Amino acid sequence: MAASAGASSWSGSSGGSTSSQGRQLATAQPAQEERLVVAVRVRPSLEATERCIEVISSGSLLYDDGGKSRPRKYTYDHVFKENDTQEQVYKTTTAPLVKDVLNGYNAAVFAYGATGSGKTHTMLGPVPRKKPSTADRGPTAVVGYEADVSSQDIGLMVRAIEDIFGHIEAAGPESSTKVSISYLEIYNELIRDLLNPGGPLELREDHRGQRITVAGLSEITTSSRKEVVSLLIKGNKARTMEPTAANQTSSRSHALLSITVQTRTSLGTKQGRLFLTDLAGSERAKKTKNRGKRLQEGAHINRSLLALGNCINALSGGARYVNYRDSKLTRLLKEALSGRCKTVMIAHVAPESKHRDETKNTLVYADRANSITTKLQSSV
Ligand code: ADP
Ligand code: MG
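The shown structure was predicted, so the numbers you read here are calculated from the model rather than taken from an experiment.

Novice: Even after reading the chapter, I still don't get the packing of aromatic side chains, so can you show me in this structure?
Specialist: By convention here, two paired aromatic rings are described through the distance between centres and the angle between planes. One pass over the full model with this rule turns up two aromatic pairs. Ring centres of Tyr 74 and Tyr 76 lie 6.4 Å apart, and the angle between their planes is 10 degrees; on these two criteria the pair is classed as stacked. Owing to a relative accessible area of 4%, Tyr 76 belongs among the buried residues under this scheme. Relative to Tyr 365, the ring of Tyr 112 has its centre 3.9 Å away and its plane inclined at 10 degrees; by these criteria the two rings are stacked. Pair noted here: Tyr 112 is in strand E7 (residues 106-113) and Tyr 365 is in helix H8 (residues 356-379), with a separation of 253 residues, a long-range link.

Novice: I keep staring at the confidence of the model for the protein and nothing clicks. Help me out?
Specialist: For residues with low pLDDT, the predicted coordinates do not support detailed interpretation. Overall, the predicted model of the protein reaches an average pLDDT of 78, with 75% of residues at or above 70. Ignoring residues within four places in sequence, the model shows residues 11-33, a span with pLDDT below 50, making 55 contacts including any to other chains. Under a pLDDT of 50 for its full length, residues 374-380 has, in the predicted model, three contacts with residues more than four places off or in other chains. In the predicted complex, the global pTM is 0.84; the interface-specific ipTM is 0.99.

Novice: For this particular structure, what's the right way to read the pairing of strand E13 (residues 254-265)?
Specialist: Within a regular strand, side chains alternate between the sheet's two faces. The element E13 is extensively covered by neighbouring structure, given that nine of its twelve residues are classed as buried. Bridge analysis of strand E8 (residues 176-187) against E13 gives eleven bridges, and the strand direction is antiparallel. What sits directly across from Lys 178, in E13, is Gln 262. The loop that links E13 with its antiparallel partner strand E14 (residues 268-278) comprises two residues.

Novice: Can you help me understand helix H1 (residues 86-102) in this one?
Specialist: One turn of the α-helix equals 3.6 residues, which is why residues spaced by three or four share an orientation. Taking the largest bend as the criterion, H1 deviates by roughly 45 degrees, centred on Thr 94, and proline Pro 96 comes between one and four positions later. When we look at burial in H1, the residues that qualify are Gln 86, Val 89, Tyr 90, Thr 93, Thr 94, Ala 95, Leu 97, Val 98, Asp 100, Val 101 and Leu 102. A positive phi of about 100 degrees marks Gly 104, the residue just after H1.

Novice: I would appreciate a short explanation of helix H3 (residues 156-171) in the present structure.
Specialist: With 16 residues, H3 extends 22 Å between its outermost C-alpha atoms, agreeing within 8% with the 22 Å of an ideal straight helix rising 1.5 Å per residue. If you check which residues of H3 are buried, you get Leu 156, Met 157, Val 158, Arg 159, Ala 160, Ile 161, Ile 164, Phe 165 and Ile 168. Gly 172 lies just past H3 and shows a positive phi near 85 degrees.

Novice: Even after reading the chapter, I still don't get the environment of Glu 50, so can you show me in this structure?
Specialist: Assignment of secondary structure puts Glu 50 in the loop between strand E2 (36-42) and strand E3 (53-57). On a C-alpha basis, the gap between Glu 50 and Ser 117 in space is 16 Å, while along the polypeptide they are 67 residues apart. If sequence neighbours within four positions are ignored, Glu 50 has contacts with Pro 351, Glu 352, Ser 353 and Arg 356.

Novice: Hey, could you run me through the side chain of Lys 342 in this one?
Specialist: You can see Lys 342 is positioned in strand E15 (residues 342-349). A polar contact of 2.9 Å, which involves the side chain of Lys 342, links it to the side chain of Asp 100.

Novice: Could you clarify how one ought to interpret the nonpolar core in this entry?
Specialist: If you look at the biggest cluster of nonpolar residues, it comprises 48 residues, and the most contacted ones within it are Leu 61, Tyr 76, Phe 110, Leu 332, Leu 337 and Leu 363. Examining the composition of this core, we find that seven residues originate from one element, helix H5 (residues 292-316), more than from any other. Apart from residues no more than four positions distant in its own chain, Leu 363 is found in contact with Val 40, Ile 53, Leu 61, Tyr 63, Tyr 74, Tyr 76 and Val 349. If you look at the next biggest cluster of nonpolar residues, it comprises 42 residues, including Ala 95, Ile 164, Leu 276 and Val 344.

About the criteria used
- Residues numbered from 1 in each chain as written.
- Chains lettered and ligands numbered in written order.
- Predicted model: local features only at pLDDT ≥ 70, side-chain atom pairs only at ≥ 80, totals over all residues.
- Heavy atoms only, no water.
- Phe/Tyr/Trp six-rings, centres within 6.5 Å; stacked < 30°, edge-to-face > 60°.
- Buried < 20%, exposed > 50% of the residue type's maximum accessible area, 1.4 Å probe, protein only.
- Helix = DSSP H or I, 4+ residues; strand = E, 2+ residues; numbered from the N terminus.
- pLDDT = per-residue confidence, 0-100.
- Contact = heavy atoms within 4.5 Å.
- Pairing = 2+ DSSP bridges.
- Bend = angle between axes of the 7 residues up to and from the residue.
- Expected span 1.5 Å × (residues − 1).
- Polar contact = N/O pair within 3.5 Å; in protein donor to acceptor, adjacent residues only side chain to side chain.
- Core = buried A, V, L, I, M, F, W, Y, C linked by side-chain atoms within 4.5 Å.

Okay, structure coming up:
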């Protein structure tokens, strides 16, 4: 393992295949119409109660607003129902991106949704939680949990890393591949290193605003999948957790894992990056009955999720100018979203009717992005 911290580059390249000798490797450009995939995942009901969601196919669902009007049908690229497995979700959404990353492209997966809708379950897996004690409350509180990495329920982050190492092993000894990871959180517009927790880190841009770096962020190179998995679990332990009325251990931060794969072959060097993001809960501030600091967190979260949605919509609509500057989240993800990157949005919803309003908000957020790509596809 090699750890480096200094002017660690969050944005090592502008995406696509590059060569250390400045030679561009010829690899096929991902098709334009595949740039944004929008999926909705319905988590299992946590109680026997009235429902507001019915999945009717692998690409559509019905939403019931409580009888005020007829159930409305929503259509997405994929809809995962309650008993769909982590493996199914991985194979459909993330496995195709891993292949692109190994070919030198950038790709991003976002888990979006209200607190308690299943984002962390998808990205990390089931996480046994301890009840937060008084000492756990506060901005730097750590709620301890361990993930069982052998579990069928292990999430996309670990599966992606496993898959990358599997491809590298299958490629044989003639290609030399370096895998490095960095893991950070954005909490209240402050960036913290989850692999080496400490004070807030600064975001730096070059004079052209092209290259974004996080000063002091650790980038860890490893050739052992076991080591990466344990780093990930350690990183998750360091994530800021804030008890809110909506969920005792809800995470009020966005967690961004970046996996960089650099392959040296006789033709040159190519680098691809996979960004896996467990976004902060998208619920409106009033739901969490928060005042003061919690309300401020909510404002930051809503602003960054809105900025992310605007960027995704602008990109999938083919806009010439995309504004990444509205939040740290979008500034950091500029590399992932622009250029030849493919993006997958997995919107998470709870099926219980008491979560009807948040479920609707999430379906609409995902539908906005999805309808723009559908328009784009039908016009090419
Ligand atoms: P979020 O990260 O969006 O706040 P969590 O991932 O913590 O939500 O999920 C909330 C609860 O629902 C957790 O107890 C989690 O284990 C459970 N859960 C979520 N999605 C699933 C799923 N697909 N299968 C089984 N349990 C799930
Ligand atoms: Mg979570």
